[in-house]
Amino acid sequence: MDTVSRVKSSRRRIFGTLAPVAAAVTLAGCATNAPQDTFQPDGPNSQMIHDLNMLVFPIAGVVGVLVISLAVYIFWRYKDRGQAIPSQAHGKPVAEIVLTIVPALILSVVGVFTFRTIFDLAETQDTEIIINVTGQQWWWEYDYPVQPELGINQPIVTSGQLVFPAGTKVLLRETSRDVIHSYWIPRLNGKKDAVPGRVHLLRLEADKPGIYAGQCAEFCGLSHANMRMEAVALSKEDFAKWVANQQKAYTPPAAGTIEAEGEAVFIAQCSRCHQVNGLEDSQGKPIISAPDENVYSGAAPNLTALMTRNTFAGAMFDLVTDKCRADVWDASAEEFGERYLQGVTEDCLNQKDLRAWLRNAPEMKPMYADPTLLEPTDGKYRGMPYLALSEDDIDKLVAYLLTLK
Amino acid sequence: MFTTGSKYFIGVTALSLVAAILYMFLVNPSDLGALALVGLAVSAATMAGFALFTRDSDVETVEEAVEASAAPTDASYWPIVFALGGAMVLLGMATIPVVFVLGIAVLVGGGVEWTIQSWADRASADTSYNRGVRAKVLGGIEYPGLSAVVAIVVAFLFSRVMLATSKDAATIIFIIIASIIFALGFVFASRADLRRKAVTLVLPLAVAVLAIAGIVSAMSGEREQLVEAAREDHFAAEHRECGEEASKYYDKHANNKVSLRSAVIATITVENGEVYAQMVGLDTKVDTITIPRMNATTVLFRNRDAEERRLVVDLGTREVEDSDIVEKVGTCTQLTGKDQEQVLTLTIPKPATEEAPYSFYVPGVNGKIGLVVP
């Protein structure tokens, strides 16, 4: 085989390898089962961004293709073939004016629509429900301020899953307890940074009941990739049921049961950091957790009504089995509320991950929880530490946690 | 290739590096011992570089030897400065730390000057060349260093004058001096021929006046209000009476403007004798504010009434450790004038109990705003 043939053959091989990869990457963009796809808006805010994108993307695409094609053509057409250097000309007023005015016009058109969208997205005066969102390494806390018109007569604190009524204008007031995070549910709105000491506003609205996945979008440390979130939109009636359930008084397990033993283990091992509203000590005094004394961010997830959520550990793990999860995620808008409000049943509980978490949490999620490396944080953990629980204690704890519905 | 001196220092570098690595692996990678060994390696490497660069300061010709052994033509005062530094260090050890620190600075400065001067005096047999090389090496250190010392002395003396005179007099003095400096600057800039003579006349005179004024002011002490403020610790928490009346200390220098409007979680307003709250992002009035637990959260207070008001947050009570004493917990803004505002930043680690809920209130005004910490 001569040199020319070898070069051609080599080019064909490279092209033959790259073409399917490029095609696969391009086709991946057409996937419909993509929970964090910005091209599948499910609410008016994300729709606004999508509409803007549909205007800007083709314009930017045409400009990009033109510029790159022109550049490639010029590189190829005028590459050094040993020809004489052509005559050098300087200044071409018509070309310069056209090349200034055309981009300015394009940017003006894009700018008008972009600014209008930015202002529309920043609208908050017609808010129907307010939820405080606080980020910390590596989970999100949601607290619902008292809003009697929505039946919220005492604050509700939850984590992992943001629950809100569909078709309702939700105003998230975001902040952070430690470093900068960024709240992003792609199908519902764009990103918004959660910054310590500041309150940033983000509007969410879902067209229909369902569950929407998200991801912290600002690098925030070791487990940034594991800092996930799920936004759950319920019908207004179902949301009212959820609110009522969250405010339900605590019912202690019956004495002598494994659940009661689990409650004792929880009080001894977990209540230093995790709050369960209504939990009382042996003297009948409310147990107030003190994560500020044990955790660097000063907070740990409130576990009241834990089993009404489908996730734990910053939404990194499911509290339900794959089958039960699919039942909720794949439910139609009409059936979704009923399935979600069932919460975690004993049959559906993801025993494997929950037990592994209780056995050794730092092994499941990187969290700087090594007690020998806590000097920079004055001995405080950045996540759940290893608690050296016995298998017996884990059995009791799982039984108790299942009662928190 | 390698001179005798450089070989010695390269050996020290290698040895200390090996020792440092062993120390880090076997003892502790981050304690002072490792740092000292690495420091020794770096110092020895630097000396090795010097020895290589100067070829151990060996001379190769008789002329060079003559130049190098020539006696300096200029007298050097640096040994005296160096000795003064040593005396100050000793004095500082027996008296106050600041003298010790100044002594170290004089020792280092004098030592560097002395060393470079000695080297420059023997750089060649040509005195003017020697002065040139000295200026080349030390010019970049001396001018900024001297300028910094002069600036510190001037600022210190001037501050003594400002602290000794009354607030009004201090303002007038400041304006007059600034005007004189501006006028002189203008004259010097427009009349280049005046510059040299005037500068040599005016600047020493100004420094002398300032030195006398500063010393006299320092001896007479600070004005009475400042002495009292320091003695009473005006901004200490115990002076926050948080009542309706003006506090003698806490309200002394209320600043009724804030720039933090975009980072607050809620606004509390007093208007027509009523207090109401609004959550950020909404215009509707609310009677409860919920703030996240254990998170620095800011609330903005606005006073629309003619009377001065303050915002107080009541965070219940707590028992003083090892005693039966129960004290109120809370804080407040300073008194705030009409159409002005202040902020309160709160970090609350625990929720309130049902018996003693948290709240915001404005002394002298009806109504409370509930504060809920989940």
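Rules behind the numbers
- Residues numbered from 1 in each chain as written.
- Chains lettered and ligands numbered in written order.
- Predicted model: local features only at pLDDT ≥ 70, side-chain atom pairs only at ≥ 80, totals over all residues.
- Helix = DSSP H or I, 4+ residues; strand = E, 2+ residues; numbered from the N terminus.
- Buried ≥ 20, exposed ≤ 12 C-beta atoms within 10 Å, placed from the backbone.
- Contact = placed C-beta atoms within 7 Å.
- Pairing = 2+ DSSP bridges.
- Axes fitted to C-alpha atoms, helices over the stretch in contact; angles between N-to-C directions.
- Core = buried A, V, L, I, M, F, W, Y, C linked by C-beta atoms within 7 Å.
- Nonpolar A, V, L, I, M, F, W, Y, C, P; charged D, E, K, R; others polar.
- pLDDT = per-residue confidence, 0-100.
- Parallel < 35°, antiparallel > 145°, perpendicular 65-115°, else oblique.
- Left-handed = near helix turned anticlockwise from the far one by under 90°.
- Arc of directions from axis to C-beta.
- Expected span 1.5 Å × (residues − 1).

What follows deals with the overall build of chain A. A tally of helices and strands in chain A yields 11 helices and 12 strands. Here chain A holds 405 residues, and 37% of them are scored as buried. In chain A, the share of contacts with a sequence separation of at least 24, taken over all contacts with a separation of at least 6, comes to 68%.

We now examine the overall build of chain B. When its secondary structure is counted, chain B shows nine helices and 10 strands. Across the 374 residues that make up chain B, the buried fraction comes to 19%. Excluding contacts between residues fewer than 6 apart, the proportion of contacts in chain B whose partners are at least 24 apart in sequence is 62%.

All names here are of chain B. Strands sit in the order β4-β10-β9-β6-β7 across an open sheet of five strands; the sheet is mixed. Both outer strands of the open sheet, β4 (288-290) and β7 (326-332), are each paired with one neighbouring strand and no more. Neighbour-to-neighbour, the strand axes of the sheet open up by a mean angle of 30 degrees, direction not taken into account. In this sheet, β7 lies alongside strand β6 (residues 312-319) in antiparallel orientation, the contact comprising six bridges. Bridge pairing in β7 places Thr317 opposite Lys328.

Nonpolar side chains in soluble globular proteins tend to end up buried together. Counting residues in hydrophobic clusters, the biggest one holds 71 residues, and the most contacted among them are Ile131(A), Ala231(A) and Val299(B). Ranked by the residues each element gives to this core, the list is headed by strand β10 (residues 228-234) of chain A, at five residues. Ala231(A) has contacts with Leu162(A), Ile185(A), Leu188(A), Leu204(A), Tyr212(A) and Gly214(A), leaving out every residue within four places of it along the chain. Cys273(A), Val276(A), Leu319(A) and Cys348(A) belong to the second-largest nonpolar core, a separate cluster that totals 34 residues.

Before going further, it helps to examine unusual backbone geometry. Residues and elements named next belong to chain A. A cis amide bond links Gln137 with the next residue in sequence, Trp138, at an omega value of -5 degrees. One can find Trp138 in the loop between β1 (129-136) and β2 (139-144). If you check the backbone angles, Ala315 has positive phi at about 60 degrees while not being a glycine. Tracing the sequence through the fold places Ala315 in the loop between β11 (311-312) and β12 (317-318). Its identity is not glycine, yet Ala388 carries a phi of approximately 55 degrees, on the positive side.

If you look at the interface, chain A gives 24 residues, while chain B gives 20 residues. Partitioned by chemical class, the residues of the side of chain A that touches chain B number 11 nonpolar, eight polar and five charged.

With that settled, the discussion passes to the sheet that holds strand β8 (residues 340-346) of chain B. Residues and elements named next belong to chain B. The five strands lie next to each other as β3-β2-β1-β5-β8, forming an open sheet whose pairing is mixed. Each of the sheet's edge strands pairs with one partner strand only, and the pair in question is β3 (285-286) and β8. In terms of strand pairing, strand β2 (residues 274-279) meets β3 through two bridges, oriented antiparallel. Looking across to β3, one finds that Gln278 is bridged to Lys285.

What follows deals with the pairing of β2(A). Here is the key point about a regular strand: its side chains alternate between the two faces of the sheet. Residues and elements named next belong to chain A. Burial runs high along β2: six of the six residues are buried. Across the two faces of β2 the burial is the same, with Trp139, Glu141 and Asp143 and Trp140, Tyr142 and Tyr144 all buried. A loop of two residues connects β1 with β2, the two strands running antiparallel in sequence. Taken together, the four bridges between β2 and strand β3 (residues 156-159) define a ladder with antiparallel strand orientation. Pairing of Glu141 across the sheet is with Ser159, part of β3.

The subject of this paragraph is the confidence of the model for chain B. On average, residues of chain B score 86 in pLDDT, and 94% of them are at 70 or above. Across the predicted assembly, pTM comes out at 0.69 and ipTM at 0.73.

Residues and elements named next belong to chain B. Across the interface, helix α4 (residues 78-94) lies against helix α5 (residues 97-121) with an axial gap of 7 Å and an inter-helix angle of 160 degrees. The angle between the axes of α4 and α5 places the two elements in the roughly antiparallel class. Where α4 crosses over α5, the handedness of that crossing is left-handed. Split into classes, the residues belonging to the contact of α4 with α5 amount to 17 nonpolar, seven polar and one charged.

Looking now at helix α9 (residues 351-359) of chain A. All names here are of chain A. Residues of α9 that are buried: Leu354, Trp357 and Leu358. Along the axis of α9, the buried residues cluster in a sector spanning 95 degrees; they form a single face. Looking at the packing, one finds that the buried side of α9 touches β11, β12, α10 (361-364) and α11 (391-401).

Glancing now at α4(B). Note: α-helices contain 3.6 residues per turn, so residues at a spacing of three or four share the same orientation. All names here are of chain B. Here α4 spans 25 Å end to end across 17 residues, near enough to the 24 Å set by a 1.5 Å rise per residue. Those residues of α4 not exposed but buried are Phe82, Gly85 and Met88. An end-on view of α4 places all buried positions within 115 degrees of arc, on one side of the element. Opposite the buried face of α4, at more than 90 degrees from it, the exposed residues are Pro79, Ile80 and Ala94. In this structure, the buried residues of α4 make contact with α5.

Let us look at the environment of Ala213(A). All names here are of chain A. Its location among the elements puts Ala213 in strand β9 (residues 210-215). For Ala213, a count of 18 C-beta atoms within 10 Å translates into the label partly exposed. Linking Ala213 and Met229, residues 16 residues apart in sequence, is a C-alpha distance of 6.1 Å. The contacts of Ala213, once residues within four sequence positions are left out, are Pro35, Gln36 and Glu230.

To continue, consider the packing of α9(A) against α11(A). All names here are of chain A. Here α9 crosses α11 at 125 degrees, and the two axes come no closer than 10 Å. Between α9 and α11, the angle falls in the class oblique. Note that α9 runs across α11; the crossing there is right-handed. Here α9 contributes Gln351, Leu354, Arg355, Leu358 and Arg359 to the contact with α11, which in turn contributes Ile394, Leu397 and Val398. Classifying every residue of the contact of α9 with α11 by side-chain character gives five nonpolar, one polar and two charged.

All names here are of chain A. Structurally, Pro186 can be placed in the loop between β6 (181-183) and β7 (192-194). When the 23 C-beta atoms within 10 Å are taken as the criterion, Pro186 is described as buried. Sequence separation between Pro186 and Gly214 is 28 residues, and the spatial gap between their C-alpha atoms is 6.4 Å. Once residues within four sequence positions are removed from consideration, Pro186 is found in contact with Gln36, Asp37, Thr38 and Gly214.

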